[in-house]
Amino acid sequence: MNVGGIIGYLLGSSTLTNCQMTGRVYSDDWNNESSDVSKGASTGGLVGRTLGLETSWILIKDCTVNMSASNPLKARRGWIGGATGYAKWAHIENCDFAFD
């Protein structure tokens, strides 16, 4: 249900730095449980779902995502994003995203 190019589900007090994702990320999840983002499928170039702590946000820093028509970022249902499909209490900085 949570698909990421590097991590499916990043939870708690975590850090993801200096990573590079080049390739295809595709979620074929048919979950249509709810329009509530906390219950739906999430797909991201780096992380499918990012859920930090209110007192300790997750940091995603200095990462690169390169996608193309032959290597797409794609989801059948749910939420999708270049860095993460769903993020709560997360900080993303100095990351590059190339989609051609």
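Residues numbered from 1 in each chain as written. Predicted model: local features only at pLDDT ≥ 70, side-chain atom pairs only at ≥ 80, totals over all residues. Heavy atoms only, no water.

**Student:** Quick question: what am I supposed to make of the packing of aromatic side chains here?
**Tutor:** Counted according to the given criterion, the structure contains zero aromatic pairs. Above the plane of the ring of Tyr86 lies Arg49, whose end atom (NZ or CZ) is 4.6 Å from the centre. (Phe/Tyr/Trp six-rings, centres within 6.5 Å; stacked < 30°, edge-to-face > 60°. Lys NZ or Arg CZ within 6 Å of the ring centre and 35° of its normal.)

**Student:** Would you explain the nonpolar core in this entry?
**Tutor:** The nonpolar side chains of a soluble globular protein tend to be buried with one another. By size, the foremost hydrophobic cluster in this structure holds 16 residues, and its most contacted members are Leu16, Met21, Leu46, Val47, Ile60, Cys63 and Met67. Those elements giving two or more residues to this core turn out to be strand E8 (58-61) and strand E9 (64-67). The residues contacting Ile60, other than those within four sequence positions of it, are Leu16, Leu46, Val47, Thr50, His91, Ile92, Glu93 and Cys95. (Core = buried A, V, L, I, M, F, W, Y, C linked by side-chain atoms within 4.5 Å. Buried < 20%, exposed > 50% of the residue type's maximum accessible area, 1.4 Å probe, protein only. Helix = DSSP H or I, 4+ residues; strand = E, 2+ residues; numbered from the N terminus. Contact = heavy atoms within 4.5 Å.)

**Student:** Explanation requested: the sheet that holds strand E1 (residues 2-4) in the structure shown.
**Tutor:** Hydrogen bonds between backbone atoms are what pair the strands of a sheet, whose relative direction is either parallel or antiparallel. Strand order across the open sheet formed by three strands is E1-E6-E11, with parallel pairing between neighbours. Either end of the sheet is taken by a strand with one partner, and the two such strands are E1 and strand E11 (79-81). In this sheet, neighbouring strand axes are inclined to one another by 5° on average, regardless of whether the strands run parallel or antiparallel. Sheet topology note: the E1/strand E6 (residues 42-44) ladder contains three bridges and is parallel. Pairing of Asn2 across the sheet is with Ser42, part of E6. (Pairing = 2+ DSSP bridges. Axes fitted to C-alpha atoms, helices over the stretch in contact; angles between N-to-C directions.)

**Student:** Looking at this structure, how should I read the pattern of salt bridges?
**Tutor:** One side chain can pair with another of opposite charge once the charged atoms of both are near each other. One pass over the structure, following the stated rule, counts two salt bridges. Asp28 is the partner of Arg76 in a salt bridge, and the nearest nitrogen-oxygen pair spans 2.5 Å. Remark: Asp28 occurs in the loop between strand E5 (25-27) and E6 and Arg76 occurs in the loop between strand E10 (73-75) and E11; sequence separation between them is 48 residues. Between Glu93 and Lys61 there is a salt bridge, with its nearest N and O atoms 3.5 Å apart. Separated by 32 residues along the polypeptide, Glu93 in strand E13 (residues 90-93) and Lys61 in strand E8 bring together distant segments of the chain. In this structure Glu93 comes out as partly exposed when scored by relative accessible area, which is 28%. Look at Lys61 and you get partly exposed, because its relative accessible area is 28%. (Salt bridge = Lys/Arg side-chain N within 4 Å of Asp/Glu carboxyl O.)

**Student:** Explanation requested: unusual backbone geometry in the structure shown.
**Tutor:** The general pattern is negative phi for most residues beyond glycine and trans for most peptide bonds. Backbone geometry at Asp62 places phi at a positive 60°, although glycine is not the residue there. For Asp62, a relative accessible area of 27% puts it in the partly exposed group. Its identity is not glycine, yet Asn94 carries a phi of approximately 55°, on the positive side. Of note, Asn94 is situated in the loop between E13 and strand E14 (96-99). The class for Asn94 is exposed, based on a relative accessible area of 59%.

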